[in-house]
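Report on the structure
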Amino acid sequence: MSTAFLRLVEVTKRFDERSEIDCVSLELREGQAMALLGPSGCGKTTLLRLIAGLETPDDGEIWIAGQKVAAKGRNTVTPRHRNIGFVFQDLALWPHLTVAGNLDFVLRSQRWEGRMRRDRIDEVLRMVHMAAH
């Protein structure tokens, strides 16, 4: 049995007839860091989207913390329940909300209680000097 925190086993993702990700396998231990480097369009974002559960693999398996979260053609664990942080390359904020409002949206979607949300948002905004925004 693997001791990897994140394990991809021969993961493939196709768009139309083109393989964006072709038979990728990797293992990362908990706390280990890795960088994905490559030219635009080589599949870096697709690979991250597969791990986060925002895409479904056409072949292979994805394991997180010893649990199979995706296999050929299906996600077995929803993105919300994978506890994977993801910072999008493109703007992914609600422009009509304040900074606190955007943070509140995320914490509410994670079912944080109202008082806990407000306290944590206030703390973080003070920490990064963004309370006025």
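Let me sum up the structure you'll find in this document. (Residues numbered from 1 in each chain as written. Predicted model: local features only at pLDDT ≥ 70, side-chain atom pairs only at ≥ 80, totals over all residues. Heavy atoms only, no water.)

Points about the pattern of salt bridges
Counted under the stated rule, the structure contains 10 salt bridges. Where Arg120 meets Glu123, a salt bridge forms, and the shortest distance between an N and an O atom there is 3.1 Å. On the criterion of helical spacing, the pair formed by Arg120 and Glu123 is a turn pair, its members being 3 residues apart in helix 3 (residues 114-127). For Glu123, a relative accessible area of 36% gives the class partly exposed. Put simply, Lys13, Arg49 and Glu55 are held in one network by salt bridges that share partners. (Salt bridge = Lys/Arg side-chain N within 4 Å of Asp/Glu carboxyl O. Helix = DSSP H or I, 4+ residues; strand = E, 2+ residues; numbered from the N terminus. Buried < 20%, exposed > 50% of the residue type's maximum accessible area, 1.4 Å probe, protein only.)

Describing the environment of Gly60
In this fold, Gly60 is placed in strand 3 (residues 59-64). The class of Gly60 is buried, set by a relative accessible area of 19%. Along the sequence, Gly60 and Thr3 sit 57 residues apart, while their C-alpha atoms lie 18 Å from each other. Excluding residues within four positions of it along the chain, Gly60 makes contact with Val9, Glu10, Val11, Ala70, Ala71 and Lys72. (Contact = heavy atoms within 4.5 Å.)

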